[in-house]
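What follows is the residue order along each chain.
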Amino acid sequence: QVQLVESGGGLVQPGGSLRLSCAASGFTFSGYTMSWYRQAPGKERELVATISSAGRSTNYVDSVKGRFTISRDNAKNTVYLQMNSLKPEDTAVYYCNVVGRPGSGWGQGTQVTVSS
């Protein structure tokens, strides 16, 4: 079955950087668009970034444009989220997701906390 394992979160000061990874298995990774979502306490889960199956096309929510970069390595079945210039409002649990594959579910997420 589909497995999504997120890692790389942590505590970082405002202005700092983190690189999140999502290791995927159980499906043909290179055939699917992948996304990163985040969910802050008391808020709805929010789509952050999306990357096409070959990595040629990316999209971002306005609040992270110019600060976050999504990428993927199809040889390693892994999608990444490079987060720079982090702000306290980026604090959330971050999840990766398979686009267009019903029933893929969610991983456990990785906590990102931006605080001084």
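Residues numbered from 1 in each chain as written. Predicted model: local features only at pLDDT ≥ 70, side-chain atom pairs only at ≥ 80, totals over all residues. Heavy atoms only, no water.

A. Region of interest: the pattern of salt bridges. Applying the stated rule across the entire model yields 4 salt bridges. Among the salt bridges present, the one from Asp 62 reaches Lys 65, with a minimum N-O distance of 3.0 Å. Judged by its relative accessible area of 49%, Lys 65 is partly exposed. Of the charged contacts, one joins Arg 67 and Asp 90 as a salt bridge, the two residues approaching to 2.7 Å between their closest N and O atoms. Of the two residues, Arg 67 sits in the loop between strand E6 (58-60) and strand E7 (68-73) while Asp 90 sits in the loop between strand E8 (78-83) and strand E9 (92-98), which places them 23 residues apart along the sequence. Residue class for Arg 67 comes out buried when judged on its relative accessible area of 10%. What makes Asp 90 buried here is its relative accessible area of 0%. (Salt bridge = Lys/Arg side-chain N within 4 Å of Asp/Glu carboxyl O. Buried < 20%, exposed > 50% of the residue type's maximum accessible area, 1.4 Å probe, protein only. Helix = DSSP H or I, 4+ residues; strand = E, 2+ residues; numbered from the N terminus.)

B. Region of interest: the sheet that holds strand E3 (residues 18-25). Strand order in the open sheet made by the 4 strands is E1-E3-E8-E7, with antiparallel pairing throughout. Looking at strand neighbours, the two that pair on one side only are strand E1 (3-7) and E7, the edges of this open sheet. Strand-to-strand, the axes of this sheet are offset by a mean angle of 15°, without reference to chain direction. (Pairing = 2+ DSSP bridges. Axes fitted to C-alpha atoms, helices over the stretch in contact; angles between N-to-C directions.)

C. Examining the side chain of Arg 72 more closely. Considering the arrangement of structural elements, one finds Arg 72 in strand E7. Within polar-contact distance, the side chain of Arg 72 engages the backbone oxygen of Phe 29 at 2.8 Å. A polar contact of 2.9 Å, which involves the side chain of Arg 72, links it to the backbone oxygen of Tyr 32. If we ignore the near neighbours within four places in the chain, the residues touching Arg 72 are Phe 29, Ser 30, Tyr 32, Thr 33, Met 34, Ile 51, Ser 52, Ser 53, Gly 55, Thr 78, Val 79 and Tyr 80. (Polar contact = N/O pair within 3.5 Å; in protein donor to acceptor, adjacent residues only side chain to side chain. Contact = heavy atoms within 4.5 Å.)

D. Summary view of the state of the cysteines. Evaluated as defined, the whole model comprises 1 disulfide. Covalent S-S linkage joins Cys 22 and Cys 96, the inter-sulfur distance amounting to 1.8 Å. Of this pair, Cys 22 sits in strand E3 while Cys 96 sits in strand E9; the two residues are 74 residues apart in sequence, bridging distant segments of the chain. The exposure classification of Cys 22 matches that of Cys 96, with both residues buried. (Disulfide = S-S within 2.5 Å.)

E. View of the pairing of E7. Side chains Phe 68, Ile 70 and Arg 72 project from E7 onto a buried face, and the interleaved Thr 69, Ser 71 and Asp 73 project onto a face without burial. As defined by bridge partners, E7 adjoins E8 across 6 bridges and the pair is classed as antiparallel. Bridge pairing in E8 places Asp 73 opposite Thr 78. Between E7 and E8, which pair antiparallel in sequence order, lie 4 residues; one of them, Asn 77, sits at a positive phi of approximately 55°.

F. View of the sheet that holds strand E4 (residues 34-39). Strand order in the open sheet formed by 6 strands is E2-E10-E9-E4-E5-E6, with mixed pairing between adjacent strands. Bordering the open sheet on either side are strand E2 (10-12) and E6, each of which pairs with just one other strand. Along the sheet, successive strands turn relative to each other by an average axial angle of 25°, direction set aside. Pairing between E4 and E9: 6 bridges, direction antiparallel. Considered in E9, the bridge of Met 34 is made with Val 98.

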